[in-house]
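# Results of the structural survey
Each chain, letter by letter, is given below.
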Amino acid sequence: MSLREDLIFLILQFLDEENLKETAHILERETGIFFDMKYFEGLALSGNWDEVERYLSGFTKVEDNKFSLKIYFEIRKQKFLEELDNHDGPKALSILVNDLKVFAPYNEDLYKEMTQLLTADDFRKHESLSTYRDTNSARIIMMNELKKIIEANPLFHGKLTFPNIRSQRLRRLINQSLNWQHVFCSQPQQDPVMKTLFVDHVCKPQDSHSVVNNPPTSEVGSAPVPTSPSSCTSTQSTVTHSAVTAGTVGLCALRNPAETLDELQDSESLSKTGSCKTWDEVTSGTTKPGHGQSSVFRLHDDFPKVVQKILNEGSSPVSMDFHPVQSTLLIVGTNVGDIGLWEVLSGDKLLCRSFKVWNIGACSPIFKAAMVKNPSVSVKRIRWSPDGSIFGVAYSKHILQLYSYGGASDVRPKLEFDAHVGGVNDLAFCVPDEKLLVISCGDDKIVKVWDAVSGVKIFTFEGHEASVYSVLPHNKERIHFIFSTSLDGKIKAWLYDNLGARVDFDAPGRWCTTMAYSDDAKRLFSCGTSKDGESFLVEWNEAEGSLKKIYQGLRKPSIGVLQFVTASNQFLVVGDDHLIKIWDMDNHELLTTIDADGDLPASPCVCFNKEGTLLAVFSNGNGIKILGRDSCPKLQQGSEYNFLSSSSLSEILSKLSISQSSSVGSIGMEDGGVPVDEGTRNLENVKPILSEEANMKISNIYYHPQFQFLSLPAKTDKNGLTEGTVNRKSEVSSLIYNNGGDSILALGSNANHVVWKWPQNDFNMSGKVTTKIPPQSWKPIGRPRLIGDYSTRTKPADSVACFVYSKNDSYGITTSGGKISVFNMLTCKKMASFMPSPPMATSLALYPQNNNILAVGLDDSRIVIYNIRKDEVESKLKGHFGKITGLAFSEVLNVLVSSGADAQIVVWNSDGWERLNRRSMKIPDEGPPPSNIRIQFHQDQIQFLAVHDTCLAIYEAKKLECIGQWVTGKSSAQISHATFSSDGQLVYATFLDGTASVFNTPNFHLQCRIDFNACILDIRNEVYPVVVAAHPKNPNQFAVGLSNGGIHIFEPLESVGKCTASLPVVEPLNR
């Protein structure tokens, strides 16, 4: 974006604030810089067609591209149809000749058909216009279509979103200019009045006794915003013009505050008196009563300030990080290269690993030579990924290692990088465009960005002239960027491209600096130490690129390099002078200090858990002190909380009096769910984590990563039928997302179909299924409800309901014990019916290469390959000895996999329908007799999931080799349904006891467990989940259909992000 465009946006904002709406829209049209979709929609819905095209003409013409052609055609077609509906033939003819004729060369047949409508009594008799109801509904439908076309039109890219600009920004810039002019007046007056902006301000001379350095009073419309002139002083910089305009990355590139630090003034003082304080005056200013450094304030009770536990790492710790989900797990790195994983509540060390190169052959000769010369290695930084499934370790020599974390002590090597020449000084994770990346920096003066899944290097950022000390990824206004600091005091900002640094300026101290945002990402802070030991803790004004606040109370000089953290959007915490020092973010005076019972090093490292309930700090003698709240009993003591330090799951269960048949029984107990390939786990190795809410009154344990859920709404239509549920007297037999992920269809055991669609609006920009807003129960206006065919000769309990979508969601194929029906999903019109029962269809699958070919499983053990277009059977497959319960095609392998009530899984070649392989599914001996086995292919189209009442299994399709299997155990509830997540990394399974579990693949390690009885208010003990469906594009969202006809959608809270976190804190699910 250029400075010219910035100025136009500021003018548009000013016009809007001044309520000059029409003028603003004229400017939008004449500049073509911003397309106001809401204004355009209002014109279209009101039928102001001339203004619609006038506004549109500022952005595109009819002949620009196919999208523009479509936009103009839909508008003029609607004008034409409205005049026909008003029976105004002359106007309709005029529109046809003057407006629509331009489209005739593109489609002459269509133009002729529109001409014929002039003589028709009712244009609705035309087949393509049969759904046209009235003018208002037609305009809404047209507008929804236009939005999609406009968004897809390249000419509108970057013009549909107004930049996020602080209110009254233009006034603020003018006031800054006035302040600037007044500061440079030779004889600045007290309270000067400015009556014009046409010329620069100059104060007229007055008597010397009235000359005071006060900022001017302007008449622009708001009080002047004080600005430090020193912070605006121009200095030599490497910033280019393009760097200046990239202000969205955070700090303004025109500022270089450290170079004018000695002249920095307190903005609050300037606004009151106009006098310019020096740096010494700011840092040693008058102490307010009760706010001096020696004063000790009482923190609120929630702040962790009492030592609860002391951990001994064995060697000197240098870096640590709390798990983002399991808030009592702490990962630690030491000065000898060791890493340790601690459960801080119990004080148990779950893991200890020493430094080891995994693949020395892949390392550079420089690294090998350095290791021969000096084999000692230290950890420089250790950090968790945002979802806690990975942690990274940066070492003092070349190496960056990523480990995958599967819960408890399940830590496995994932990726190793010979990342930098010399030390790897820092690492950080980020997720731009939903892709997990890891960022590293090192002594070689380079910042690198790696794919944390594949290990591929994506970006290399060069430009620092000294070792890069720290990195901080962030995003603002949907723009992702990285701050980096180097040992020469430079701060640079990089976008994820190869265009170089966007920001380049000096940090206070000009040496070791780290940066951090507040938890709400609205405030930016940094803490740095100079080579002389002078340290600075500051808050930045991102918009201006200047220092906003300088915090007082650090030791002068500091002993070592200081480290800091932010907490609860309120506090800044620094380890300094053998103390933990705390500031309120809004006050530059030191708030209080904590000595943590003493024995802290000079500059101890501090770290909060995500909730801010625990604070870890390094202590002398290789120790780590864990601080908690005043009100929390000390963790090392006994009493009623001694179950927290139990070393085994069996001990915890006995103390809580929870039977093995409870919902926790599927995690590692002998009779619970156990991965078959691992055998029965030793209970001593299972270390669950209980929260304080897990009191002695606990009756159920729920493993979950803080899900939010949405119950789909229901209402009663004029005939007394329940809309929005399949029927409260009927269970949900089939539940499916459409392939686009913007609607859900439920099929009840009574053949009733219900479709929910989500609106696309400001709260749901994608229009996809979400728990944030409720959907609408949908059916075409004037059409009956979508009801399939069912047989009266089949008992309801014996009928099987199936539904599949075509590839483009245009058609749906359904059966509920009777004929198979094909519906047009846009109109709900039944297109065809075939294959009446008996035999009854029990499973359906569409051939991916040709959606006219349908595989139908029957209850007489046969599989029929049916050509819908030709209305004929192409082949009949025999290979089972019971009803067919599952069918699935693989587009990659070109095979059909079938399963039956005989527990047989058969693979068929979809070219000639020959049988390729056959195998019996391994079902536990103590389980029920073979029943329904359902089949679903993995995203890779090579593996598939087989679901039985008592077990889950993943097979390789061609050889039918079992890759992993999980069984329920004797005392556990039976499985009602299961499905892969969209990325195939998870399996969602529901059970007849009213619970659901989330497993990873292919090992079936339990990730979390949800009890629907606790989180769904209208569920009763006799109600259970019947079916589960996974969102086709969002791997962390799934929906469940209940035996009472209810449907509920689940997905993690945004703060958690993913379902892939290993066993988190045990607590009841939020209602």
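Everything below is about the structure shown above.
Here is a short report on the structure shown in this document. The numbers attached to residues start from 1 for each chain and follow its sequence in the written order. For a predicted model such as this one, the threshold for reporting local features is a pLDDT of at least 70, and the threshold for listing and counting side-chain atom pairs is 80 or more; totals across whole chains, interfaces and linings nevertheless cover every residue. Hydrogens and water are ignored here; the side-chain numbers use all heavy atoms of the structure.

## With respect to the overall build of the chain
From N to C terminus, the chain includes 15 helices and 59 strands. The buried label applies to any residue whose accessible area, calculated with a 1.4 Å probe on protein chains only, is under 20% of its type's maximum; exposed applies above 50%, and partly exposed to all values in between. Burial status across the chain gives 55% buried among its 1071 residues. Residue pairs at least 24 apart in sequence account for 54% of intrachain contacts in the chain once pairs closer than 6 positions are excluded. The accessible surface values rely on the Shrake-Rupley method and a 1.4 Å probe; as for residues, cover is taken only from the protein chains in view. Carbon and sulfur atoms make up 49% of the accessible area of the chain, which amounts to about 47000 Å² in all. Starting at the N terminus, helices and strands are each numbered in turn, a helix being any DSSP run of H or I of at least four residues and a strand any DSSP run of E of at least two. Contact between two residues is taken to exist if any of their heavy atoms lie within 4.5 Å; hydrogens are not considered.

## What to know about the environment of G900
When you line up the elements, G900 lands in strand β46 (residues 895-900). The class of G900 is buried, set by a relative accessible area of 0%. For the pair G900 and L887, spaced 13 residues apart in sequence, the C-alpha separation works out to 9.2 Å.

## Concerning the packing of aromatic side chains
Under the pairing criterion, centres of Phe, Tyr and Trp rings, with the six-membered ring standing for Trp, must be within 6.5 Å; the plane angle then separates stacked pairs below 30 degrees from edge-to-face pairs above 60, leaving the rest tilted. Applying the stated criterion to the full structure yields 37 aromatic pairs. Residues F459 and F461 carry aromatic rings whose centres are separated by 5.8 Å and whose planes lie at 10° to one another, so their mutual orientation is stacked. What makes F461 buried here is its relative accessible area of 3%. Between F461 and W494, the aromatic rings sit 5.1 Å apart at their centres with planes inclined by 15°, giving stacked as the arrangement. One end of the pair, F461, is in strand β13 (residues 457-462); the other, W494, is in strand β16 (residues 490-495), and 33 residues separate them in sequence. One aromatic cluster is present, built from ring pairs that chain together F35, Y39, F40, Y55, F59 and F156. Lysine and arginine charges are scored as sitting over a ring when NZ or CZ, respectively, is within 6 Å of the ring centre and within 35 degrees of the ring normal. A cation sits over an aromatic face here: R1009 above F991, 5.0 Å from the ring centre.

## So, helix α1 (residues 3-17)
To estimate the expected span of a helix, count its residues, drop one, and scale the result by 1.5 Å. Between its first and last C-alpha, α1 extends 21 Å over 15 residues, near the 21 Å set by a 1.5 Å rise per residue. Where α1 is concerned, the buried positions are I8, F9, L10, L12, Q13 and L15. A positive phi of about 60° marks N19, the residue just after α1.

## Some remarks on the pairing of strand β12 (residues 446-451)
Counting buried positions along β12 gives 6 out of 6 residues, so the element sits mostly inside the fold. Of the two faces of β12, the one holding I446, K448 and W450 and the one holding V447, V449 and D451 are both buried throughout. We treat two strands as partners when DSSP finds at least two bridges between them. Bridge analysis of strand β11 (residues 437-442) against β12 gives 5 bridges, and the strand direction is antiparallel. Its bridge partner being in β12, I439 is matched across the sheet by V449. Where β11 hands over to β12, the hairpin turn is made up of 3 residues, of which K445 adopts a positive phi near 70°. Between the end of β12 and the start of β13, which pair antiparallel, lie 5 residues, with G455 showing a positive phi angle near 85°.

## Section: the pattern of salt bridges
Between side chains of opposite charge, a pair can form as their charged atoms come close. The term salt bridge refers to a side-chain nitrogen of Lys or Arg lying within 4 Å of a carboxyl oxygen of Asp or Glu. One pass over the full model with this rule turns up 29 salt bridges. One salt bridge in this structure joins K349 and E313, with 2.8 Å as the shortest N-O distance. One end of the pair, K349, is in strand β5 (residues 348-353); the other, E313, is in the loop between β1 (306-312) and β2 (317-322), and 36 residues separate them in sequence. Given a relative accessible area of 30%, K349 falls into the partly exposed group. Residue E539 pairs with K549 through a salt bridge whose shortest N-O separation is 3.8 Å. Placement of E539 in strand β20 (residues 535-541) and of K549 in strand β21 (residues 546-551) is noted, with a sequence separation of 10 residues between them.

## Looking at helix α6 (residues 89-98)
Those residues of α6 that fall on the buried side of the exposure criterion are A92, I95 and L96. In a view along the axis of α6, the buried residues occupy a sector of 100°, so they form one face of it. In this structure, α6 carries P90 and N98 as exposed residues pointing more than 90 degrees from its buried face. Definition of a polar contact: a pair of N or O atoms within 3.5 Å, with one able to donate and the other able to accept a hydrogen when the atoms are protein atoms, and with sequence-neighbouring residues admitted only if both atoms are side-chain atoms. Measuring from the backbone nitrogen of K91 back to the side-chain oxygen at the start of α6 gives 3.4 Å, which picks out D88 as the cap. This arc is built from the directions going out from the helix axis to the C-beta atoms.

## Quick notes on the nonpolar core
Ranked by internal contacts, the top residues of the largest apolar core, which has 39 residues, are F35, F40, F80 and L100. When contributions to this core are tallied by element, the ones reaching two or more residues are α3 (37-46), α4 (49-56), α5 (66-85), α6, α7 (108-116) and α8 (135-152). At 8 residues, α5 tops the list of elements feeding residues into this core. The contacts of F40, once residues within four sequence positions are left out, are F35, V52, Y55, L56, I75, M143, L146 and I150. For this analysis, a nonpolar core means a set of buried residues of the types Ala, Val, Leu, Ile, Met, Phe, Trp, Tyr and Cys, connected via side-chain atoms within 4.5 Å.

## Examining the sheet that holds strand β28 (residues 623-628)
Reading across the sheet, the 4 strands line up as β1-β28-β27-β26 and stay open at both edges, with antiparallel pairing between neighbours. Each edge of the open sheet carries a strand with a single partner, namely β1 and β26 (606-608). Strand-to-strand, the axes of this sheet are offset by a mean angle of 25°, without reference to chain direction. Pairing analysis gives 5 bridges linking strand β27 (residues 615-619) to β28, with the strands arranged antiparallel. Counted as the bridge partner of A616 is I626 from β28. To obtain each axis, a line is fitted to C-alpha atoms, and for helices this fit is confined to the stretch in contact; angles are then taken between N-to-C directions over 0 to 180 degrees.

## Overview of unusual backbone geometry
Here the bond from K556 into P557 is cis, since omega is -10°, no more than 30 degrees from zero. Counting through the fold element by element, P557 comes out in the loop between β21 and β22 (564-567). For the bond running from S837 to P838, omega is -10°, close enough to zero to count as cis. By the secondary structure assignment, P838 is in the loop between β40 (829-834) and β41 (841-846). With a phi angle near 80°, S861 is a residue other than glycine that sits in the positive phi range. Mapped onto the fold, S861 is located in the loop between β42 (853-858) and β43 (862-867).

## A few points about the sheet that holds strand β9 (residues 411-418)
Reading across the sheet, the 4 strands line up as β6-β7-β8-β9 and stay open at both edges, with antiparallel pairing between neighbours. The sheet terminates laterally at β6 (379-384) and β9, the two strands that pair on one side only. The mean inter-strand angle of the sheet, taken between neighbouring strand axes irrespective of direction, is 20°. Here strand β7 (residues 390-395) pairs with strand β8 (residues 399-405) via 5 bridges, running antiparallel. Within β8, the residue paired with F391 across the bridge is Y403.

## What to know about the pairing of β9
Both β8 and β9 contribute to a ladder of 7 bridges, which runs antiparallel. When the sheet's bridge partners are listed, L400 is paired in β9 with F417. The loop that links β8 with its antiparallel partner β9 comprises 5 residues; one of these, G407, has a positive phi angle of about 105°.

## Thoughts on the packing of α5 against α6
At a minimum axis distance of 8 Å, the contact between α5 and α6 shows a crossing angle of 160°. By the angle class used here, α5 and α6 are roughly antiparallel. Helix-helix and strand crossings are classified by hand; for α5 and α6 the assignment is left-handed. For the pair formed by α5 and α6, the contact residues are R76, K79, F80, E83 and L84 on the first element and K91, A92, I95 and L96 on the second. Working definition: roughly parallel below 35 degrees, roughly antiparallel above 145 degrees, roughly perpendicular at 65 to 115 degrees, and oblique for all remaining angles. By definition, turning the near helix anticlockwise from the far helix through less than a right angle yields a left-handed crossing, and turning it clockwise yields a right-handed one.

Structural measurements only, silent on function.
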